[in-house]
Amino acid sequence: MKFNDVFVVDDDKIFHFIIKKLLVYNNINVTPKFFENGLQAIEGIKTKLNKGENPPDLILLDINMPILDGWQFLEEFKAIKDKLSKEIIIYIVSSSDDSTDKNKAKNYQSEVKNYYLKPMTADDLKEIFSN
């Protein structure tokens, strides 16, 4: 699948930098939009909908963030997902290797495609962008 519009939802500026570098390094031609919490990302999706624009194709979502964390984002996303004109692919990208978080992610199987651990590697990104 070709992703054009990518949202990166993570409060870690270093992660933003790494994602930018990995995209360039792997010749993945997308310009991601960065959000520091789930509330900003939900508002970004709603703004696109209100303007009649397409929602993002892909969301890379951290789960540990201030204001609205990844789990809260997913709950908000579930509430608006029926209004979307297309499916949005969501991958959780977290530093949490805790089985509690991994099991909780299974509760969102219809929203979340996979769970990746930080730091993301070039191979992780290739896997995401080649699906």
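Note that the coordinates shown come from a computational prediction; the quantities given were computed from them, not determined experimentally.

So, on to a nonpolar patch on the surface. Residues I14, F17 and I18 make up a contiguous nonpolar surface patch of about 300 Å² in total accessible area. Along the chain, I14 falls in helix α1 (residues 13–25).

Taken residue by residue, helix α5 (residues 122–130) has A122, D124, L125, I128 and F129 as its buried positions. The buried residues of α5 occupy an angular sector of 160° when the element is viewed end-on, so they sit on one face. More than 90 degrees from the buried face of α5, the exposed residues found are D123 and S130. Packed against the buried residues of α5 are β1 (6–9), α1, β3 (58–61), β4 (89–94) and β5 (112–117).

A separate point is the packing of α1 against α5. Running from N to C, α1 and α5 point in directions that differ by 70°, and their axes come no closer than 10 Å. By the angle class used here, α1 and α5 are roughly perpendicular. Counting all contacts with α1, which are made through I19, L22, L23 and Y25, the residues of α5 involved are A122, L125 and F129. Looking at side-chain class alone, the contact of α1 with α5 contains seven nonpolar, no polar and no charged residues.

Its 13 residues give helix α2 (residues 38–50) an end-to-end C-alpha distance of 18 Å, which sits within 8% of 18 Å, the value for a rise of 1.5 Å per residue. Those residues of α2 that fall on the buried side of the exposure criterion are G38, A41, I42, G44, I45 and K48. An end-on view of α2 places all buried positions within 155° of arc, on one side of the element. Buried residues in α2 make contact with β1, β2 (33–35), β3 and α3 (70–80). Measuring from the side-chain oxygen of the N-cap residue of α2 to the backbone nitrogen of L39 gives 2.9 Å; that N-cap residue is N37. Downstream of α2 by a residue or two, G52 has a phi angle that is positive, lying close to 75°.

Rules of the game
- Residues numbered from 1 in each chain as written.
- Predicted model: local features only at pLDDT ≥ 70, side-chain atom pairs only at ≥ 80, totals over all residues.
- Heavy atoms only, no water.
- Patch = residues over 30% accessible without salt bridge, like charges linked within 9 Å, V, L, I, M, F, W, Y side chains within 5 Å.
- Areas by Shrake-Rupley, 256 points an atom, 1.4 Å probe, with all protein chains shown as cover.
- Salt bridge = Lys/Arg side-chain N within 4 Å of Asp/Glu carboxyl O.
- Helix = DSSP H or I, 4+ residues; strand = E, 2+ residues; numbered from the N terminus.
- Buried < 20%, exposed > 50% of the residue type's maximum accessible area, 1.4 Å probe, protein only.
- Arc of directions from axis to C-beta.
- Contact = heavy atoms within 4.5 Å.
- Axes fitted to C-alpha atoms, helices over the stretch in contact; angles between N-to-C directions.
- Parallel < 35°, antiparallel > 145°, perpendicular 65-115°, else oblique.
- Nonpolar A, V, L, I, M, F, W, Y, C, P; charged D, E, K, R; others polar.
- Expected span 1.5 Å × (residues − 1).
- Polar contact = N/O pair within 3.5 Å; in protein donor to acceptor, adjacent residues only side chain to side chain.

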